[in-house]
Structures are given as C-alpha cells and as structure tokens.
Amino acid sequence: MTAELSPDLVVTPVGRGGARWTRDAAQAIHDLPFNDLIFQAQTIHRENFDPNRVQLSRLLSIKTGGCPEDCGYCSQSAHHQSGLKASKLMEVERVIAEARKARDAGATRYCMGAAWRSPKERDMDAVVAMVEGVKALGMETCMTLGMLDLHQAQRLKQAGLDYYNHNVDTSERYYAEIISTRTFTERLDTLANVRDSGIKVCSGGIVGMGEEKADRIDMLVTLANLPEPPDSVPINMLIPIEGTPLGRAEPIEPIEFVRTIALARIMMPKSHVRLSAGRTAMSDEMQALCFFAGANSIFVGDTLLTAENPGEDKDSALFRRLGIKPFAREAT
C-alpha cells in the first residue's frame, strides 16, 4: 500500500510545471514517513527525467575574494578573516581554455562565478566575451556575478547566457541572520531581472546554517512560488570555513538533508535539483539517497569556487556503482 497526497495538499499549477504552495502543504509533505516521502519524490522524478542520468556542470571562480558582502558562510567576503586573498578578474582566453578542458572531460554546462556585489560596467565587456567564447564551445553557459539590473541581464542574454545563478540562500525570516549587506527582496529583484531578460533562473540555497526546519521549507516555498520555478535548484550543504561567522556551525543531520532534496523534487518537478556544495562530507550512501530523492545535477571538479569538491575519479566510481550516467550533450 502506497501513500498518496491527501486532497487538502492538492495545489494549483502555475507557470512551467510549478505550483502555488503554502507552508502547511509543503510541511505536510516534508514530514511524511521517510519511505513515503522518498517514494513520492522518486515517482515524480521518473515522470519528468531519466532516473539514471545526472547533469554535470563545472564551476570556475573568475574573480576570487574581496567581496563587499558579509554573507556569514562565505570565505570570499572582505568582512571575514578566512585567509583568502583577493584576485583580479581572469583573462577571457584563460576562462575559455578552462571551459574547453571541462567540455572534453564530459561537462555539459560551464558556470562562472565572480565575488562581486554586482558587476561594474568596466567588467561587462570581458564577461560578455567569456559567455560568447564558452557558448562557441557548444556548452551551456551559466554565471553568478551578484546582483544584476535589467540592462546587465539583457546584455548577458544577447551574448548567449543560458542560466544565471542567484541563490535566495535561506528563508526570508532567517535571511538577516546570515547577511546584512543586502535584503531578501533585492535577491528576488535580481531573479526578476534575469527572468524578464529571458535567461533561465538557477536559484537554491544553503542548509545547515543554524536555520530551523521551517526555514528550509519556506525557502523552497519561495522558489516554487516564483512566476516560474527555477530551471536549476542547487541545494548546498554548508561547508564551515574557519574565519567566517558560520565556521563552527553544527552540521545538518543527513536524513534531514535528504528530506530537503526530496521536497525540492516534489515541489519543483521539472527543475534540475543540484546536489551542490558539501559533497565531500557526504558518504556514498548519503549521495545515493539524494539521487534517489530526485537530485539529478552535480558540480564536477576538485573545487567549487574556493571549497573542496570530490574529484572526478571518485564521482566516476560512484556513478559506476549506482549505474548512473551523465546527461548527453545536446546537439548544437
């Protein structure tokens, strides 16, 4: 006998496969017996994706450190004593060369991140050239550069940018406990500019920052209730970094993390749910549960911006054991 959603949890579809969710409806699903929750997540996953394919992305820090924001989790903030030195924006040719290596190693999407509050106009020409160069390699392009105004988003769209990452990080209630240099509303404004420009939205959050269960649920409610749910939803497990305010944060319990992945899959059935930062602290069994719960995207490579990431050999070995294969690159 299998569990089904009760009639009071039925939600009204809106946008691309999305739904208008309430906290109560989302929490009722989150709190299901674990087996029922995972069964529902896997059922929905199979209705929308090949359950044995995972999308591979590579992330490159094109400008590291010196960020004026004070995000409590981030080693790149100029407010924290993490020991990270600031660097200048990378040369366009070097970025494209790194993207070519990633493509040849099997990555289909290339993500470029800069430690900025928002890009300055003097940097936009170089950023546009990076997008154009990576796009010419036949890869999907993604960037995370901080806040964007509509004009900047439109320039990136014209250059061929496919995705823009801008995480909401946590719930609106808990947001001010983590960041004081920008507001939750400003996060949503950037997502609106990206969406209005025609770029696909990549937005998720970080769990394990001392938030409550309700905050994790509210974060997913916010994302699922956007005019269109994000195409990609990265779920990061906090990597505590010495010198940051969250450097001694208690880790989230593994089953609770898997519940977050499953809820994201159920609430945003057509989105790619990315198992992002924190995989170095996860056992193979925990990652396998996350894939079963509906995660179908990861970052590959030894680093994620400035944090460690499992090496490609380890990922390949895990994929072989699980019978998982990467998504094939679409013809261009």
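Thoughts on the nonpolar core
Okay, step 1: Ranked by size, the top nonpolar core spans 92 residues in total, and within it Met143, Leu156 and Phe257 carry the most contacts.
Okay, step 2: Sort the elements by how many residues they give to this core and helix H9 (residues 254-267) lands first, with 8 residues.
Okay, step 3: Of all hydrophobic cores here, the second largest spans 5 residues; its members include Leu59, Cys111, Cys142 and Tyr163.

Here we look at helix H4 (residues 121-135)
Okay, step 1: Here H4 contains 15 residues, and its C-alpha end-to-end distance of 21 Å stays within 8% of the 21 Å for a straight helix at 1.5 Å per residue.
Okay, step 2: Buried residues of H4: Asp123, Met124, Val127, Val128, Met130, Val131, Gly133 and Val134, and no others.
Okay, step 3: As for H4, its buried residues are in contact with strand S3 (53-63), helix H3 (92-104), strand S4 (109-114), strand S5 (140-144) and helix H5 (150-159).

Section: a nonpolar patch on the surface
Okay, step 1: On the surface, a cluster of nonpolar side chains totalling about 230 Å² of accessible area is made up of Ile255, Leu289 and Phe292.
Okay, step 2: Examined against the element boundaries, Phe292 turns out to sit in helix H10 (residues 284-292).

Topic: the confidence of the model for the protein
Okay, step 1: Per-residue confidence for the protein averages 87 on the pLDDT scale, and 86% of its residues sit at or above 70.
Okay, step 2: Ignoring residues within four places in sequence, the model shows residues 1-18, a span with pLDDT below 50, making 30 contacts including any to other chains.

Structural notes on the packing of aromatic side chains
Okay, step 1: This model, assessed by the stated rule, comprises 2 aromatic pairs.
Okay, step 2: Between Tyr175 and Phe184 the ring centres are 5.6 Å apart and the planes differ by 75°, which places this aromatic pair in the edge-to-face class. Note on accessibility: Tyr175 and Phe184 belong to one class, buried.
Okay, step 3: With a centroid separation of 6.1 Å and an interplanar angle of 80°, the aromatic rings of Phe291 and Phe319 are classed as edge-to-face. A residue pair is termed long-range when its members are at least 10 positions apart, and Phe291 in helix H10 and Phe319 in helix H11 (residues 312-322) qualify at 28 residues. For the pair shown, Phe291 and Phe319 are each scored as buried.

Considerations on the packing of helix H1 (residues 23-30) against helix H8 (residues 213-224)
Okay, step 1: Their axes nearest at 10 Å, the elements H1 and H8 cross at an angle of 120°. Where H1 crosses over H8, the handedness of that crossing is right-handed. The segment H1 lies against H8, with Arg23, Ala26, Gln27 and His30 engaging Lys213, Ala214, Ile217, Asp218 and Val221.
Okay, step 2: Taken together, the residues that form the contact of H1 with H8 break down as 4 nonpolar, 2 polar and 3 charged.

Conventions used here
- Residues numbered from 1 in each chain as written.
- Predicted model: local features only at pLDDT ≥ 70, side-chain atom pairs only at ≥ 80, totals over all residues.
- Heavy atoms only, no water.
- Core = buried A, V, L, I, M, F, W, Y, C linked by side-chain atoms within 4.5 Å.
- Buried < 20%, exposed > 50% of the residue type's maximum accessible area, 1.4 Å probe, protein only.
- Helix = DSSP H or I, 4+ residues; strand = E, 2+ residues; numbered from the N terminus.
- Expected span 1.5 Å × (residues − 1).
- Contact = heavy atoms within 4.5 Å.
- Patch = residues over 30% accessible without salt bridge, like charges linked within 9 Å, V, L, I, M, F, W, Y side chains within 5 Å.
- Areas by Shrake-Rupley, 256 points an atom, 1.4 Å probe, with all protein chains shown as cover.
- Salt bridge = Lys/Arg side-chain N within 4 Å of Asp/Glu carboxyl O.
- pLDDT = per-residue confidence, 0-100.
- Phe/Tyr/Trp six-rings, centres within 6.5 Å; stacked < 30°, edge-to-face > 60°.
- Axes fitted to C-alpha atoms, helices over the stretch in contact; angles between N-to-C directions.
- Left-handed = near helix turned anticlockwise from the far one by under 90°.
- Nonpolar A, V, L, I, M, F, W, Y, C, P; charged D, E, K, R; others polar.

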